[in-house]
Amino acid sequence: MAQETREGIYDLLAARGVSRRDFLKYCGSVAAMLGLSEMAAPAIAAAVEGGAKLQPAVWLDLGLCTGCTESTAQAGNPNVADIVLDLLSINYMETIMAAAGNQAEEAKAKTIEEGGYILIVEGTVMTGEAGNTLRIAGKTGMEVLKEAASKAAAIVAVGSCAVDGGWVRANPNPAGGKGVKDVAAELGFDKVPIINLPTCPVNPEWIVAVVIDVLMLGALENLAVLNLDELGRPKLIFGQTIHDNCPRRGHFENGEFVKAFGTVEEVKQFCLYEVGCKGPQTFTNCPKVRWNRKASWCVESGSPCIGCGNLNWVDNDAPFLKRMPNVGGVRPETIGTVLGGAAAAGLLVHGVASFSSGRAKGAPVETSKAYDKKKGGDK
Amino acid sequence: VARAVIDPVTRIEGHLRVEVEVESGVVTDAWVSGTLYRGMETILEGRAPADAFYVSQRICGVCPISHGHASTMASEAALGIQIPDGARLVRNIIEGAETLHSHILWFYTLTALDYVDVVSALSANIADTYALAEKAGTSTADFGQVQKRIKTFVEGGQLSIFTNGYWGHSAMKLPAELNLIAVAHYLEALEMQAEAAQIIALMGGKFPHFMTSLPGGTAWMPTEEKLGGILFRWKRVRDWIANTFIPDTLAIAPFYIEAATYGKGCGNFLSWGCFDDASFDPKKRALPRGMIVGGKLEVLAPDVAQVKEYVEHAWYDSPTALNPAQGKTHAKFTTYDTNDKYSWVKAPRLNELPMEVGPLSRMLVAYLDGVPQVKELIDTTLAALGVAGKPEILVSLLGRIAARNLETLYVADEMGKWIMELVAAIKGGEAKFFTESTATDGDGAGLWEAPRGALGHFISVKGGKIANYQAVTPSTWDLSPRDAAGVRGPMEEALIGCPIADVEKPLEALRIVHSFDP
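Below is a summary of the structure that appears in this document. Here the structure is a predicted model, which is why all the values come from computation and not from measurement. (Residues numbered from 1 in each chain as written. Chains lettered and ligands numbered in written order. Predicted model: local features only at pLDDT ≥ 70, side-chain atom pairs only at ≥ 80, totals over all residues. Heavy atoms only, no water.)

Here we come to the overall build of chain A. A tally of regular secondary structure across chain A gives 17 helices and nine strands. Scored against the burial criterion, the 379 residues of chain A give a buried share of 63%. Here the contacts in chain A between residues at least 6 apart in sequence split such that 71% fall between residues at least 24 apart. Carbon and sulfur atoms provide 54% of the accessible area of chain A, an area that totals close to 13,000 Å². (Helix = DSSP H or I, 4+ residues; strand = E, 2+ residues; numbered from the N terminus. Buried < 20%, exposed > 50% of the residue type's maximum accessible area, 1.4 Å probe, protein only. Contact = heavy atoms within 4.5 Å. Areas by Shrake-Rupley, 256 points an atom, 1.4 Å probe, with all protein chains shown as cover.)

Spelled out as structure tokens, the structure:
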């Protein structure tokens, strides 16, 4: 089948042996991602247009641990083979590409020259030692980013490191870590749209959602499709706190807490707030999307959230096993009894100021929500 | 004399440059350069020991479990915490799942493209492919469909991650049918590595970067639902390793048998050991602690006090020859110069010797130590390859690959036992998973193994905060530059003698590099 005769992405996939049923499954996973009912899948399918050829992409590794690539390899539906064979033409991706050295660099140079590619950036922008804390093919990582970013149709910063420097920029930031957005003006690519997907590592389902937005909903032509917040994050993914959607939320309301690890309270799946959970200040949809093909997620397996999706997350959220600072003197043992839901509601927006300022220095308290005002249950 | 440079080395974790000198088609000298510095150890200073469990995993997104465990063990050693037996089993299962995940991903996704010609698979005869799979005793797939998928892909003209691969290179030796089998299993392996990772997610919340093996034990408490999910996935992955991964290895090896004659390396091997039994004695681990020196096949006891890290050829201005327990890391880039400083990797030495670490080291130590299952696996494999009774042949490029693949099956089988032990402990109602501690001061080391080799985390805690932190990773050992005496690191040494057919496309050197799973 010649490429010119392909009508849209479904035809493209059909030519590659993907059945209509599998295609609707893709659409279903996108719907779930966006927080919609799976019933929305046909509507998403109907929105499909364009897609005469595979969307070219360049995946750049900066100061990274490769965890975001690893995480991407855990995507379920589509899986990583579907992504690299059937959805995108990823012409450069150090961790999985066949070519190395000069052959790899050639593939990247050709893609950049042709333009129109999505640039996916993983890892921290390394500015320390005049950029030499990262060297690739004899250049600094900053030079490599500048070349690849300036001609990109859009940039997707995957993982907290690419978003704002991640753990690498934590105090005292010995290697000069920064986020992609932080250097956009300095390196001259501030006109290129940047989509930020934080957390450490990135959740692959979010990458898939953005890719599908680009391929099916024409996001490159109409960025409004992505519905980004002021930090460049898709609102449908990063618009609510973990606490908002946590399956253990009922225990928080009831004042039922895990007070120590390895105890019966964990078996009962009580709330992890008292052992340091940062769910109330962390804006991601982890409880809905979960991780590793929905096998589990942090809280489900007994761990407090460490807020890895927050800006400067290591400085703002550590010590991870301590109750959050600056929450207006709230003591969890009183939540659900005396103070009831009003104090709990105060926690809901604790993270907003941390996000905006990049530092946790306390936060204003939101007016309480009606549903939080109910009396607490028994312990 | 020609110089060949591979920069970036792809299909690895992180950033690496390899430069080799080639004379008459053979490598005569080599320089391995780590090209990224992030400063993890400095960032951890002043933080709570438990925070290091979470943050230090971010050293490596392919082996975060091992870093998390080494960090937690260092804190536990420093603070005098003994974890309960239930936590030991949970950690072994999580660590085992990472090993399966990592080795499967390494063989099929990272290294196979050095040996398997994807484009050649297009000319495979489908009936012959089924016959070959049966003869090799490896699993079949819908080979016709796989070939069709690759054909459509190639004819589309956009090769994605296969762009500019080494297709048709003279060092590619497999027949088209075996290439097609390998491509089909490359696709299956992507599912299997994910399934192994799901075992980690069930117990640890997610992978990579898990959440639960805190100093003191584990935050995860087993539930019937999660145990069922673990057992089901373990069984499927284990059977795939036995019925696909191992037979594939044995089918491919004879076409590259000359790889048993080079890539030997420094001949010194170190294993800190991995997978504790109930005694917590490192010599009794499923993969025991030990070292081998100068290629002499006997196991000696390594002393961590004899480890020193040299920085004469690395971009640091902190003091050289420090033991990691007192180690310092202060970056100072000069310029890339193979005669002077050329890497962000320090040069660790044990008893002043470079040490190769990884599955080959672990399996040699276990074999010579007489671990029965390992002895049987290796002896059977040597016999199948026609070199019965010659374990020394494992000290080579081919041996390094075979050791990793055989270790995958060994660990998978041991995992089954740990899962059943955990179930029995829960049934007995005695299982404990966490030990509380209020200790605030002490020094300790966590000496463990990542899938790619010996790993040590070193912590000093004062007043409940980290006063000093150092990690010596497998890559620090294997990718080490020269030391103060000018002695090459293990990978540099392994590159010597490697044949290179085309200096513009030094595929054979890439194979040596990948055999270490850097």
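Before going further, it helps to examine the overall build of chain B. Secondary structure summary: chain B contains 14 helices and eleven strands in total. Computed over its C-alpha atoms, the radius of gyration of chain B comes to 23 Å, within 12% of the 24 Å expected for a compact globule of 518 residues. Expressed as lengths along the three principal axes of its C-alpha atoms, the size of chain B is roughly 65 × 60 × 45 Å. Evaluated residue by residue, chain B yields a buried proportion of 67% over its 518 residues. (Rg over C-alpha atoms; globule rule 2.2 N^0.38 Å.)

All names here are of chain A. Judged by pairing direction, the sheet is parallel, and its five strands sit side by side in the order β2-β1-β3-β7-β9 without closing on themselves. Each having just a single partner strand, β2 (88-93) and β9 (194-197) make up the two edges of the open sheet. Adjacent strand axes in the sheet meet at a mean angle of 20° when their direction is disregarded. When strand β7 (residues 154-158) meets β9, the two strands line up parallel, connected through four bridges. Residue pairing for β9: V158 is matched across the bridge by L197. Together, β1 (55-61) and β2 form the strand contacts of helix α5 (residues 80-87), whose direction differs from that of β2 by roughly 105°. Strands β1, β2, β3 (118-122), β7 and β9 of the sheet are contacted by helix α9 (residues 204-217), whose axis makes an angle of about 155° with β9. (Pairing = 2+ DSSP bridges. Axes fitted to C-alpha atoms, helices over the stretch in contact; angles between N-to-C directions.)

This next bit is on the interface of chain B and chain A. Many analyses report the size of an interface as the accessible area lost when the parts associate. In this complex, chain B contributes 84 residues to the contact, which on the side of chain A involves 87 residues. Both faces combined, the contact of chain B with chain A buries some 7,200 Å², and carbon together with sulfur accounts for 58% of it. Put simply, chain B and chain A have five salt bridges between them. Those elements that provide at least two residues to the side of chain B that touches chain A are α1 (40-44), α2 (49-56), α4 (85-111), α6 (143-155) and α7 (176-204) of chain B. For the side of chain B that touches chain A, the element with the highest residue contribution is α7 of chain B, accounting for eleven residues. For the side of chain B that touches chain A, the class distribution of residues is 45 nonpolar, 23 polar and 16 charged. (Buried area = accessible area lost by both parts, 1.4 Å probe. Salt bridge = Lys/Arg side-chain N within 4 Å of Asp/Glu carboxyl O. Nonpolar A, V, L, I, M, F, W, Y, C, P; charged D, E, K, R; others polar.)

Turning next to helix α7 (residues 141-150) of chain A. Along α7 of chain A, the residues classified as buried are G141, M142, V144, L145, A148 and A149 of chain A. All buried residues of α7 of chain A project into a common sector of 155° when viewed along the axis, lining one side. (Arc of directions from axis to C-beta.)

The values reported here are purely geometric and, on their own, carry no functional implication.
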